[in-house]
Amino acid sequence: SITKTKQAVEVLKKLGCGEELERLIKSRKIRQGKGKMRNRRYTVRRGPLVVYGEDKGVVRAFRNIPGVQTASVKDLNLLKLAPGGYFGRFLIWTESAFRMLN
């Protein structure tokens, strides 16, 4: 069970997401327009989506990594799986998520 962000980064690097994480960190840009004044100052590209069945610290571990999002199997929707209507998002499934699908 992953509970710390350091462990989460190690797992992502073992899965081959090292280059993806570097790309996401470099993608943080200041938003154009008035959104800056409305507490939407930065934009970050979308990265991998971690799908979990039971949250045993998974959300807390992955929430501080830029671009990486988490979602429960029960709360999946098309906008999370294919943001902007573009298919091909990198999904990471946990064992508990696979068990809940059956």
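I will try to describe carefully the structure that is included in this document. What you see is a predicted model; the values in this text were computed from it and never measured.

### Here we look at the sheet that holds strand 4 (residues 69-72)
As summarised here, the arrangement of the three strands in space is 4-3-5, forming an open sheet in which the pairing is parallel. With partners counted over all chains shown, the strands left at the sheet margins are strand 4 and strand 5 (91-93), one partner each. Geometrically, the sheet is characterised by an average inter-axis angle of 25° between neighbouring strands, direction not taken into account. Note: strand 3 (residues 49-52) against strand 5, three bridges, orientation parallel. Across the sheet, Leu49 pairs through a bridge with Leu91, a residue of strand 5.

### Concerning the environment of Thr70
In this structure, Thr70 sits in strand 4. Expressed as a C-alpha distance, the spacing of Thr70 and Pro48, which sit 22 residues apart in the sequence, is 8.6 Å. What Thr70 contacts, discounting residues up to four positions off in sequence, is Leu49, Val50, Tyr52, Val58, Val59 and Phe62.

### Section: the packing of aromatic side chains
Scanning all chains against the criterion turns up one aromatic pair. When the ring centre of Tyr42 is taken as origin, the NZ or CZ atom of Arg28, which lies over that ring, is 3.8 Å away.

### A short note on the nonpolar core
If you look at the biggest cluster of nonpolar residues, it comprises twelve residues: Ala8, Leu12, Cys17, Leu21, Val50, Tyr52, Val58, Ala61, Phe62, Ile65, Val68 and Ile92. Contributing elements (two or more residues each) for this core: helix 1 (5-14), strand 3 and helix 3 (58-62). In terms of residue count, the dominant contributor to this core is helix 3 (three residues). Once residues lying within four places of it in the same chain are set aside, the contact partners of Ala8 are Ile2, Ala61, Phe62 and Ile65. Counting residues in each nonpolar core, the second largest holds five residues, with Leu49, Val51, Ala71 and Val73 among its members.

### Thoughts on the pairing of strand 3
The side-chain alternation of strand 3 yields two buried faces, one formed by Leu49 and Val51 and the other by Val50 and Tyr52. Pairing of strand 3 with strand 4, which is carried by four bridges, proceeds in the parallel orientation. In the strand pairing of strand 4, Tyr52 is matched with Ser72.

### Describing the pattern of salt bridges
Following the criterion strictly, the structure yields three salt bridges and no others. Across the pair Glu20 and Arg23 runs a salt bridge whose closest N-O atoms are separated by 2.8 Å. In this pair, Glu20 and Arg23 both sit in helix 2 (residues 18-26), three residues apart, roughly one turn of the helix. A relative accessible area of 26% places Glu20 in the partly exposed class.

Conventions used here
- Residues numbered from 1 in each chain as written.
- Predicted model: local features only at pLDDT ≥ 70, side-chain atom pairs only at ≥ 80, totals over all residues.
- Heavy atoms only, no water.
- Pairing = 2+ DSSP bridges.
- Helix = DSSP H or I, 4+ residues; strand = E, 2+ residues; numbered from the N terminus.
- Axes fitted to C-alpha atoms, helices over the stretch in contact; angles between N-to-C directions.
- Contact = heavy atoms within 4.5 Å.
- Phe/Tyr/Trp six-rings, centres within 6.5 Å; stacked < 30°, edge-to-face > 60°.
- Lys NZ or Arg CZ within 6 Å of the ring centre and 35° of its normal.
- Core = buried A, V, L, I, M, F, W, Y, C linked by side-chain atoms within 4.5 Å.
- Buried < 20%, exposed > 50% of the residue type's maximum accessible area, 1.4 Å probe, protein only.
- Salt bridge = Lys/Arg side-chain N within 4 Å of Asp/Glu carboxyl O.

Taken by themselves, the reported measurements are silent on function.
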